[in-house]
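Here is what each chain is made of, one letter per residue.
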There are 2 protein chains.
Amino acid sequence: MAAKLKDVAARADVSVRTVSNVVSNAAPVAPATRERVLKAIEELRYRPNLAARNLRQGRTGLIGLAIPEVRSPYFGEIAELLIDAAQERGWTVLIDRTGGLAAHERRLLADGPDAHSVDGMILSPWALTADELGRRSATTPLVVLGERDPKGTADHVVVDNVTAAREATTHLVQLGRRRIGAIGLQPQLSNGTAELRARGYRAALAAAGLARPPELTRTVSTLHRAEGHRAMRELLAAPVRPDAVFCFSDELALGALRAVHEHGLTVPGDVALVGFDDIEDGRYSTPTLTTIAPDKAQIAERTLQCLADRIYGRLGHLPARHVTAPHELLIRDSSSSP
Amino acid sequence: MAAKLKDVAARADVSVRTVSNVVSNAAPVAPATRERVLKAIEELRYRPNLAARNLRQGRTGLIGLAIPEVRSPYFGEIAELLIDAAQERGWTVLIDRTGGLAAHERRLLADGPDAHSVDGMILSPWALTADELGRRSATTPLVVLGERDPKGTADHVVVDNVTAAREATTHLVQLGRRRIGAIGLQPQLSNGTAELRARGYRAALAAAGLARPPELTRTVSTLHRAEGHRAMRELLAAPVRPDAVFCFSDELALGALRAVHEHGLTVPGDVALVGFDDIEDGRYSTPTLTTIAPDKAQIAERTLQCLADRIYGRLGHLPARHVTAPHELLIRDSSSSP
DNA sequence: CAGCCACTCTGCAACGTTGCAATCATCGTG
DNA sequence: CACGATGATTGCAACGTTGCAGAGTGGCTG
C-alpha cells in the first residue's frame, strides 16, 4: 500500500494540510516542521497521488501530441524535442498516432486523445482542412504544427514553406540546372503544406524564366521513401528527363536518390537533388543530401511556449498567434558540382 | 464547464449511479432507461472524468514506455508498434526518454515515469546492470526489452542475439570473406546486448576456423551512424583491411557504408556489410542493407501480452517469463556478390 | 498592556467517480 | 396466492488531494 498524506502527517505529527503545504509549497512552513515532514516523506517513500491531485485541481499534467506517425524520422525528431521541452515544464507527453486519418484527427479535435483528458494539445494535422480546424468546439488549448488558416482559432507554429521552397529551387537554378522537377505534390490532401512548397517552387522557376512543364512534377500519396522512389522512376522514364529535382521531404529525396542510382545515373552529376526536413539520414546517405533545415529545436520550444501561455491563461483571449520558425538551406553533396 | 454524471442524471431523470452503470457497463440497465441516458449523454456531450475514475479505481490507464531515444529509427518503429498494441488494449502510452542515462533509468525503476503513476512499465534499459534491475523494489508490473539477468524479477522480451549474430557472421563467411570485422562492441556498458552479439560473431568465426584479430573489432559509444562512420574509417586505415563487417545496428552499418564510399571503395565489392534491426532506411540505402530483422510486431505484441497478464494478475506471482521473439536474416545488396 | 499583525498551522469540504449493500418492482413457481 | 428469485435502480461512502476560512501563537507598536 502506497503511503499517503495522512500517513506522513501521522508520522511527522502534523496535520495533513501541513504536509500538503510542504509538498506543494502552497503555504509557508516553519523550517523545523518542514524538516520533520521531509524526513517522514523520505522514510515512508511518499509519492503524491496524481489522480487525486488532478481531480482536485482540474489539471492533468499531460499534453497530447498527435502526429501522423512516430516512426518517420522527421516526426520522430520533432516528437523527441517536444517531449524534452515538455519535460522541462513539468508536463508529460502522451502520444497519439493519427496515421494521417481525417476521422482520427477529427475525433481528437473533439474529444482529446484516447479519451484521456489533457491540459493541452499539439496537433500536426495531415488530412484535416483549415475549415474543420477552425470550427473546432473543444476548449482545450491547442497548438497546430504546420500552416493553416490564418483566421483559425488556434495558435500555429510554422516554417515559411513558400520561401523555403523558393530558396531550394533557386539554389538548383544557380547550379545551372534547367529542367528542374518537383516530387511531393499532394492535391488529394487538404493539407496545405505541399501546396505552399509547390508555390515556392513555381515562383523560383518563374523568376528564373524557366519553363514549368507539368510532366516534371509528380504527386505522391505519402512522403515516404517508396513514393519518392516511384515518382523518380516515372520522371526518369519520361522523354524529358529532369537534371534536378526538389523533393518536398528528405524521405522522398532518399527514395528518389535510390531510383536515380538504379537507373544507372549519378547524383548530383546527372540529377541534383534537394530535400526538406534535414533528417539525420540525409547526413549519412551517399551522396549526403542538400536540404531545407527547419529549426526543429525552436519549433518545439515555441510550440510549448504557446501552449504554456494558453494553459496558464497569460494570453487571455487574445487572437491566435502565428509563429514562424526559421529555416536554413544546407548545401551538401547531392547538389554540389564537384 | 464539462458535464458530469450528476448533470446527465438530472437530465435523464435517473440516479447518478444508473448513469455510471450505463457508462461503464457495471450493472444491467433496462433498454429504455439506457436509451434515455445515452441521449442525455449525447446532448450534454458528457465525457467521463478520468482523474476521478482513476482515483476511485486506483488505475490510470497509462503505460510507461522508457526508451533511450525516440528519434532513432529502431526505437521509433518499436515505439509505434507498442503504441498501437497498447491502444488496442485501451491503454495510452506515455513516453519517457531516458537518453540512455543510468541515473534516469534507475529513477524510473524506483519512481515510475515523470512522477506519473502508471499501470505498467516497459523499459528498454541501456546503462542499467542486470543486478540493479533485479534489485528493483517497485511493484509496478514491468516488462524489460532486451536480454538481461534470467533470474530477474521482471518479464523479458528478447531476440536471440547470439544466434542472430552468428547467422549474420556465417552469412559473410559463406560469401567467401575471410577478414570479417565487427563494429558495435560496448564494453563500457553493462548493457548485455552488444556482448551477446559479439559472442555470436566470435562463435561463427571460430566455427569457420577463421582468425579473430582484435584489430578487426571496434567499440562504439552509441549505435548511431556517426560512430559507425568513425569506426569504419579506423578499420580502413589499419594495415589489415576487412573484406566484410558485421555491424551491431543498421545505423552503425549506414555510417560505415558512407565511410567505405568516402574511402573510394565499394560495397559489397571491397567490403560486405551486414546490419542489425531492419530499419526502413536500410531498404533504401545504396546499396540496400543486408540485416538481421527482429520480428518487431511480435516483440510489441508479446510485450503487451506480458504486461496485460501482470496487470490483470492472470499470472499471479509466477516467476518472470522470458519470451524470445523470432528474427530473420534478410539478404540484400550490401552482401550479395553481383 | 491592549491591540494588531505576521506567521504557522489546522479542520472541513469538495473534486467526479464507482463499490457496496440495500431497496423496489416484477415475474415465475409451488 | 404467497414466496423467493431475478432484475433494475438507488443512496451512501470513499478514493487522496487541495482551496478556503479560520484558529492559535508570538512579537511589536502605540
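Residues numbered from 1 in each chain as written. Chains lettered and ligands numbered in written order. Predicted model: local features only at pLDDT ≥ 70, side-chain atom pairs only at ≥ 80, totals over all residues.

Engineer: Tell me about the relation of the copies chain A and chain B, and please be specific about residues and values.
Structural biologist: When chain A is brought onto chain B, the operation consists of a screw motion whose angular component is 180° and whose axial shift is 0.0 Å, with 0.1 Å RMSD remaining. Both chain copies can therefore be described as sitting about a two-fold axis. Comparing interface residues between copies, 97% of those in chain A also sit at the interface in chain B, which points to an isologous, same-surface contact. (Least-squares fit on C-alpha atoms with pLDDT ≥ 70 in both. Contact = placed C-beta atoms within 7 Å.)

Engineer: Could you give me a rundown of the protein's contact with DNA strand D, with the residues and numbers involved?
Structural biologist: A:Leu5, A:Asn49, B:Ser15, B:Pro28 and B:Thr33 are the nearest of the 27 residues found near DNA strand D. Of all the secondary-structure elements, those providing two or more residues to the surface near DNA strand D are helix H2 (16-24) and helix H4 (50-57) of chain A together with helix H2 (16-24) and helix H4 (50-57) of chain B. Taken together, the residues that form the surface near DNA strand D break down as 13 nonpolar, 8 polar and 6 charged. (Near = placed C-beta within 6 Å. Helix = DSSP H or I, 4+ residues; strand = E, 2+ residues; numbered from the N terminus. Nonpolar A, V, L, I, M, F, W, Y, C, P; charged D, E, K, R; others polar.)

Engineer: Quick rundown of the interface of chain A and chain B? Include the residues and the values.
Structural biologist: Counting from both sides, the interface comprises 39 residues of chain A and, opposite them, 39 residues of chain B. Of all the secondary-structure elements, those providing two or more residues to the side of chain A that touches chain B are H4, helix H5 (73-88), strand E2 (92-97), helix H10 (225-237), helix H11 (250-262) and helix H12 (281-284) of chain A. For the side of chain A that touches chain B, the element with the highest residue contribution is H5(A), accounting for 7 residues. When grouped by side-chain class, the residues that make up the side of chain A that touches chain B number 14 nonpolar, 13 polar and 12 charged.

Engineer: Any details on the pairing of strand E9 (residues 272-276) of chain B? Residues and values, ideally.
Structural biologist: All names here are of chain B. Across the 5 residues that make up E9, a large majority, 5, are buried. Of the two faces of E9, the one carrying Ala272, Val274 and Phe276 and the one carrying Leu273 and Gly275 are both buried. Looking at chain direction, strand E8 (residues 244-247) and E9 are connected through 3 bridges and run parallel. Bridge pairing links alanine 244 to alanine 272 in E9. Crossover E8 to E9 through helix H11 (residues 250-262) is right-handed. Here E9 runs beside strand E10 (residues 290-294); their pairing, made up of 3 bridges, is parallel. The partner of glycine 275 across the bridge, within E10, is threonine 291. (Buried ≥ 20, exposed ≤ 12 C-beta atoms within 10 Å, placed from the backbone. Pairing = 2+ DSSP bridges. Right-handed = clockwise from strand over helix to strand, strands pointing away.)

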